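The residues making up each chain are set out below.
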Amino acid sequence: MIPSQLQSYCGGASRVEAEGVTIGAVFDDLDRRFPGLKFRVIDEQDRVRRHMRVFVGGEAACDMAAAIADGAELMIFGALSGG
Amino acid sequence: MASATQLLIGTRKGAWIFKSDADRRSWSIDGPHFLGSVINHLVLDPRDGRTLLMAAKTGHLGPTIFRSTDGGKTWAEAVRPPAFPKAADPASGRAVDHSFWLEPGHASEPGVWWAGTSPPGLFVSEDGGATWDSVSGFNDHPMYDKWVPEGAGTPDGALLNQIVIDPRDAAHMYIATSTGGVFESRDRARTWGPLNRGVEANFMPDPYPEYGQDAHYIALSPPKLDRIWQQNHCGIYRLDRPGETWERIGKAMPSEVGDIGFTIIPHPRDPDTAWVFPMDGTDVWPRTSPGGAPAVYRTRDAGASWERQDSGFPREQAWFTVKRQAFCADGHDPLGLYLGATNGEVWMSDDEGGGWRRVAAHLPEIYSVVAAPA
């Protein structure tokens with residue numbers, strides 16, 4: 001699931017498909033399909049950015065090396081951030 | 001002679017491009033570009049007159065660089081924005097929070113750009129801003145942790161806030177930082193040394209350290225490139241190379257105004273003339289116009305004396321200030337001066353500061369204003 005902040009990368013889509021056996025690999029595939037998207041969410045040390053949130057199967061995910069099951073839903077959110 | 005001018009305006013909520021007629025009297029507005037994005041700097045490449053680079057991020061999304069080769073009609077994102085190398089221990093590795101300053105490379109190096117970031121980092125692009133590489137000479141310098149101590153910085157984070165290239169020598173560079181002061185390289189950013197002698201750091205145990213100062217802004221005098229002006233957290237300074245010791249020329253400012261501010265703008269043709277926009281650096285550091293009465297101060301004798309230029313500005317209850325990249329000159333004769341304020345107003349003078357008029361109001365908080373030929 002793609003949040004509004006990133007839908008410009010995906011032609012306006014709020015849901016897209018991507019492949020990978022780890023969360024990091026899914027982001028790499030997303031970046032191949034939608035160049036630039038990954039770095040807006042994941043920094044150069046593979047950490048989820050401070051005001052972004054990533055969930056897999058409803059659980060918060062922050063380890064890019066963690067496995068992701070076939071068919072799982074990866075959700076990206078812009079967290080609450082004022083100003 | 002004046003001619004059409006454009007103002008490239010970065011704000012906390014997007015970018016605008018203002019274009020003037022030949023007399024700089026009326027202005028058209030193009031924007032917003034990237035509404036909602038934090039735009040720290042928007043710069044035109046003087047080497048081709050059409051390439052624009054923009055340092056952007058949002059409250060949520062990470063930092064990036066947008067590039068336009070048609071004067072801002074269309075934009076493309078950098079393929080590889082500035083980013084630190086992956087650390088041996090990624091948990092504690094540095095990550096770019098935002099790019100703060102964009103500097104076109106030397107005239108002899110078309111396509112080269114430099115970027116300064118928060119946390120302090122120096123990056124270079126050799127392909128017009130499409131891909132960026134970490135400059136190891138600074139970012140991996142053995143003294144980096146001393147020059148950029150953990151916890152130091154500004155309310156928006158520690159900064160490598162400026163890059164200055166000597167027009168006579170592409171290998172001769174200066175950078176300004178909020179954590180270590182000014183540094184100089186004579187080998188195109190491979191090695192660096194501090195250049196802070198005589199500059200106060202009244203927030204350090206040794207108030208005149210080798211490094212540790214907060215250099216808000218530095219500028220070479222175009223007609224006298226061995227003269228460097230500096231607006232520092234602790235006053236206004238001037239250094240004439242090959243000298244190594246800065247002189248605090250801000251001591252000549254009126255005591256009720258002080259010599260604290262963010263920027264200093266040299267005259268492009270007169271080496272003894274420069275302008276500052278003071279802010280209140282007393283007590284708890286309000287960082288507002290002193291006394292609520294905005295004014296520019298000009299020196300025409302290399303800092304021996306300063307004159308107040310406030311004609312046109314509100315005389316009371318006006319508390320805006322002007323940030324590091326938000327004061328500039330256009331190079332015309334008579335010189336145009338422009339400043340973008342924290343209250344979203346753009347002010348200009350078309351007579352070298354003699355009179356000021358408001359060009360725009362109601363923009364978001366302004367972070368940068370760059371004047372360029374239209």
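In what follows, the structure referred to is the one given above.
For the structure given in this document, a descriptive report is provided here. This one's a predicted model, so the numbers in the text were calculated from it and none came from an experiment.

Let's talk about the overall build of chain A
When helices and strands are counted, chain A shows two helices and three strands. Listed N to C, the secondary structure of chain A is α-α-β-β-β in terms of helices and strands. Against the 2.2 N^0.38 benchmark of 12 Å for 83 residues, chain A shows a C-alpha radius of gyration of 12 Å, consistent with a compact globule. Once the C-alpha set of chain A is aligned to its principal axes, its extents read approximately 35 × 25 × 25 Å. Burial status across chain A gives 40% buried among its 83 residues. Long-range contacts, defined here as pairs at least 24 residues apart, represent 48% of the contacts in chain A between residues at least 6 apart. Summed over all atoms, the accessible surface of chain A reaches about 4,400 Å², with 51% contributed by carbon and sulfur. For chain A, the distance from the average site of its 9 positive side-chain charges to the average site of its 12 negative ones is 8 Å.

Quick look at the interface of chain B and chain A
Counting residues at the interface gives 26 residues for chain B, matched by 18 residues for chain A. Scanning the region where chain B abuts chain A turns up one salt bridge. Taking the shortest distance from any N to any O, the salt bridge between aspartate 46 of chain A and lysine 86 of chain B comes out at 2.5 Å. Applying the counting rule to chain B against chain A returns 13 residue pairs in polar contact (both at pLDDT 80 or more). Tallied by class, residues from the side of chain B that touches chain A come to 13 nonpolar, seven polar and six charged.

Things to note about the pattern of salt bridges
All names here are of chain B. Summed over the entire model, instances satisfying the criterion amount to 34 salt bridges over all chains. A salt bridge links arginine 188 to glutamate 126; the nearest nitrogen and oxygen atoms lie 3.8 Å apart. With arginine 188 in the loop between β14 (181–185) and β15 (193–194) and glutamate 126 in the loop between β10 (121–125) and β11 (133–134), this residue pair connects regions lying 62 residues apart in the sequence. Owing to a relative accessible area of 21%, arginine 188 belongs among the partly exposed residues under this scheme. One salt bridge connects arginine 238 with glutamate 247, and the closest N-O pair in it is separated by 3.3 Å. We classify glutamate 247 as partly exposed; its relative accessible area is 42%. Each member of the salt-bridge network shares a partner with another, and the members are Arg227, Arg238, Asp240, Glu247 and Asp272.

Parameters and conventions
- Residues numbered from 1 in each chain as written.
- Chains lettered and ligands numbered in written order.
- Predicted model: local features only at pLDDT ≥ 70, side-chain atom pairs only at ≥ 80, totals over all residues.
- Heavy atoms only, no water.
- Helix = DSSP H or I, 4+ residues; strand = E, 2+ residues; numbered from the N terminus.
- Rg over C-alpha atoms; globule rule 2.2 N^0.38 Å.
- Buried < 20%, exposed > 50% of the residue type's maximum accessible area, 1.4 Å probe, protein only.
- Contact = heavy atoms within 4.5 Å.
- Areas by Shrake-Rupley, 256 points an atom, 1.4 Å probe, with all protein chains shown as cover.
- Lys, Arg positive; Asp, Glu negative; His and termini not counted.
- Charge placed at Lys NZ, Arg CZ, Asp CG, Glu CD.
- Salt bridge = Lys/Arg side-chain N within 4 Å of Asp/Glu carboxyl O.
- Polar contact = N/O pair within 3.5 Å; in protein donor to acceptor, adjacent residues only side chain to side chain.
- Nonpolar A, V, L, I, M, F, W, Y, C, P; charged D, E, K, R; others polar.

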